[in-house]
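Take a look at the letters that make up each chain.
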Amino acid sequence: MTSGPASTTGAPADDTDGLTCFRRLLKVAGYAFGILTVAINIADVATDVVVAVQFHAAGHTTWFWLVVTSLIIAHCVYTFIGAFVLPDQPVYSSWRDVPWTLRLFLSLIFAQLIPIINLAVELVSGGHDDDSGSDDYDLDPVVTNTNRTVTTQAAREELEGVRKSQVLQSRMAAALEEHMRKYGLFYVE
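Residues numbered from 1 in each chain as written. Predicted model: local features only at pLDDT ≥ 70, side-chain atom pairs only at ≥ 80, totals over all residues. Heavy atoms only, no water.

(A) Structural detail: the overall build of the chain. A count of helices and strands for the chain gives seven helices and zero strands. Each helix and strand of the chain, placed in order from N terminus to C terminus, yields the pattern α-α-α-α-α-α-α. Evaluated residue by residue, the chain yields a buried proportion of 23% over its 189 residues. Long-range contacts, defined here as pairs at least 24 residues apart, represent 67% of the contacts in the chain between residues at least 6 apart. With the model as given, the accessible surface of the chain reaches about 13,000 Å², and the carbon-plus-sulfur share is 66%. (Helix = DSSP H or I, 4+ residues; strand = E, 2+ residues; numbered from the N terminus. Buried < 20%, exposed > 50% of the residue type's maximum accessible area, 1.4 Å probe, protein only. Contact = heavy atoms within 4.5 Å. Areas by Shrake-Rupley, 256 points an atom, 1.4 Å probe, with all protein chains shown as cover.)

(B) Quick look at a nonpolar patch on the surface. A cluster of nonpolar side chains, namely Leu 102, Phe 105, Ile 109, Phe 110, Leu 113 and Ile 117, defines an oily patch on the protein surface of about 550 Å² accessible area. Ranked by the residues each element gives to the nonpolar patch, the list is headed by helix 4 (residues 100-109), at three residues. Relative to the assigned elements, Leu 102 resides in helix 4. (Patch = residues over 30% accessible without salt bridge, like charges linked within 9 Å, V, L, I, M, F, W, Y side chains within 5 Å. Salt bridge = Lys/Arg side-chain N within 4 Å of Asp/Glu carboxyl O.)

(C) Broad picture of the packing of helix 5 (residues 114-125) against helix 7 (residues 153-183). At a minimum axis separation of 7 Å, helix 5 and helix 7 run at an interaxial angle of 130°. With respect to each other, helix 5 and helix 7 are oriented oblique. Contacts from Asn 118, Leu 119, Glu 122 and Leu 123 of helix 5 reach helix 7 at Arg 181, Lys 182 and Tyr 183. Taken together, the residues that form the contact of helix 5 with helix 7 break down as three nonpolar, one polar and three charged. (Axes fitted to C-alpha atoms, helices over the stretch in contact; angles between N-to-C directions. Parallel < 35°, antiparallel > 145°, perpendicular 65-115°, else oblique. Nonpolar A, V, L, I, M, F, W, Y, C, P; charged D, E, K, R; others polar.)

(D) Up close: the nonpolar core. One finds Ala 74, Tyr 78, Ile 81, Leu 86, Tyr 92, Ala 111, Ile 114 and Leu 185 forming the largest nonpolar core, which totals eight residues. Top contributing element to this core by residue count: helix 2 (residues 61-85), with three residues. If you look at the next biggest cluster of nonpolar residues, it comprises five residues, including Ala 52, Phe 64, Val 67 and Val 68. (Core = buried A, V, L, I, M, F, W, Y, C linked by side-chain atoms within 4.5 Å.)

(E) Spotlight on the environment of Leu 86. The topology assignment puts Leu 86 in the loop between helix 2 and helix 3 (93-96). Sequence separation of Leu 86 and Arg 96 is ten residues, and the distance between their C-alpha atoms is 8.4 Å. In this view, Leu 86 contacts Ile 81, Tyr 92, Ile 114 and Asn 118; residues no more than four positions away in its chain are not counted.

So this is what it looks like as structure tokens:
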């Protein structure tokens, strides 16, 4: 009989410490991904400008204008997103109060920084991270209502499998939504 918190193998008796450590590791990996994404975005814009200058200096005007056009299109998309799409997000509620002409002007000036600004705002505001680990998702009402009347063990196990699948699907959808909210603007470039 063991009375300590750890088993004879040295592992904790419950997995809450391991889960907390795993969540912290995921959070650090998320920050590292964010920093890498920002660095790649900055490097991408910088190299596009360098390539455009080199094409122009070499007399390749067609290639020069293709690169410049791609930069202008990305700039216009970022401007539109900064002025009209981001104000609809909950974390940008004060940005919504700014007159649209000023939002458009500021977005036009800082368009290439909008993905970085968006990531910073999402990270500072905490986004919509839920570290509670709760399995209380809006499951299919038929499954939860049927759960009360199931009597056989096989049916209960099947129902539990369906519930776990729905929880996994909900978590994956929430993770994808959070990823696109934080990093989606980097995919424009």
